[in-house]
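Observations on the three-dimensional arrangement
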Amino acid sequence: MTADLKPIRNEGDYDAALEEVGRLWGAKSGTPDGDRLDVLATLIDAYEAKHHPIDPPDPVEAIRFRMEQQGLSRKDLEPMIGPRNRVADVLNRKRGLSIDMIRQLHDGLGISAEVLIRPSRMDKVA
């Protein structure tokens, strides 16, 4: 029988939980192992959110990712960003996003406004 579940309080607990998830991976839902896997995944997620937070993506990277996902070209961004040269400037980090561009990209591509409003990496360096 497996050990009782307990909160993940430190990196040792975290590593042990990850190891057990690896052992349980593929367990059928609704079985004791499947239930244990679900609970461990929840505990790991909570621990990672607190101790290993992931910063939201860079706005330009988010736009590029969505373009790749949806098979879009730079021309497809023109209705949201503006003329071709403006699209190029944004994607090359030479121009930041205006509030209107953020609204258009949010509505058109479904990218979170919280991500789009962040400064791009180039803006942080300047």
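All figures in this text were calculated on a predicted structure; none of them were measured in a lab.

The assigned domain composition of the protein chain is domain 1 (11-52) and domain 2 (59-117). Taken over C-alpha atoms, the centre of domain 1 sits 37 Å from the centre of domain 2.

To continue, consider the nonpolar core. Counting residues in hydrophobic clusters, the biggest one holds 17 residues, and the most contacted among them are Ile-63, Leu-77, Ile-81, Leu-91, Leu-105 and Ile-111. When residues of this core are traced back to their parent elements, those giving at least two are helix 3 (59-70), helix 4 (74-81), helix 5 (84-91), helix 6 (99-109) and helix 7 (113-116). If you look at the next biggest cluster of nonpolar residues, it comprises 9 residues, including Ile-8, Val-21, Leu-37 and Leu-40.

Within the element layout of this structure, Asp-13 appears in helix 1 (residues 11-24). Here Lys-6 takes part through its side chain, which lies 3.4 Å from a polar atom of the side chain of Asp-13. Once you skip the residues sitting within four places of it in the chain, Asp-13 turns out to touch Lys-6, Pro-7 and Ile-8.

Owing to its 3.6 residues per turn, the α-helix aligns residues three or four sequence positions apart on the same side. Taking 1.5 Å of rise per residue, the 20 residues of helix 2 (residues 32-51) would be expected to cover 28 Å, and the 28 Å separating its terminal C-alpha atoms lies within 8% of that figure. Listed in full, the buried residues belonging to helix 2 are Gly-34, Arg-36, Leu-37, Leu-40, Ile-44 and Tyr-47. Taken end-on, helix 2 shows its buried residues confined to a sector of 150°, consistent with a single buried face. Summarising the geometry of helix 2, the exposed residues directed more than 90 degrees from the buried face are Thr-42, Asp-45, Ala-49 and Lys-50. The secondary structure elements touched by the buried residues of helix 2 are helix 1.

Considered for burial, the residues of helix 4 that qualify are Leu-77, Met-80 and Ile-81. For helix 4, the angular spread of buried residues about the axis comes to 75°, placing them on one side. When the buried face of helix 4 is taken as reference, the exposed residues oriented beyond 90 degrees from it are Lys-75 and Pro-79. Of the surrounding elements, those touching the buried residues of helix 4 are helix 3, helix 5 and helix 6.

The next point concerns the environment of Gly-82. Tracing the backbone shows Gly-82 in the loop between helix 4 and helix 5. The spacing of Gly-82 and Met-101 is 19 residues in sequence and 8.2 Å in space, taken between C-alpha atoms. Here Gly-82 is in contact with Leu-77 and Val-87, once residues within four sequence places are set aside.

Moving on to the UniProt feature "domain: HTH cro/C1-type" (unreviewed entry) in the protein chain. The sites that UniProt annotates as "domain: HTH cro/C1-type" (unreviewed entry) are residues 63-116. Annotated as 72% helix and 0% strand, the span residues 63-116 places its first and last C-alpha atoms 8 Å apart.

The rules we used
Throughout this description, residue numbers start from 1 for each chain and increase along the sequence as written. Whole-chain, interface and lining totals are the exception, using all residues; otherwise, since this is a predicted model, local features are given only for residues with pLDDT of at least 70 and side-chain atom pairs are given and counted only at 80 or more. For side-chain calculations, the full set of non-hydrogen atoms in the structure is used, while hydrogens and water are omitted. The source of the domain bounds is an automatic or database domain assignment. Here, nonpolar core means buried Ala, Val, Leu, Ile, Met, Phe, Trp, Tyr and Cys residues that are tied together by side-chain atoms lying within 4.5 Å of each other. Burial classification: accessible surface area is computed with a 1.4 Å probe over protein chains only, and a residue below 20% of its type maximum counts as buried, one above 50% as exposed, and the rest as partly exposed. Runs of E in the DSSP output that reach at least two residues are strands. Runs of H or I that reach at least four are helices, and both are numbered from the N terminus. Nitrogen and oxygen atoms within 3.5 Å of one another constitute a polar contact, given that in protein one can donate a hydrogen and the other can accept it, and given that sequence-neighbouring residues count only through two side-chain atoms. Note on contacts: a residue pair is in contact if any heavy atoms of the two residues lie within 4.5 Å. Here the expected length of a helix is defined as 1.5 Å per residue gap, with one fewer gap than residues. Picture the helix axis, draw a direction to every C-beta atom, and the arc is the one those directions span. UniProt positions are given in the numbering used here, feature names are shortened, and annotations may be inferred rather than shown by experiment.

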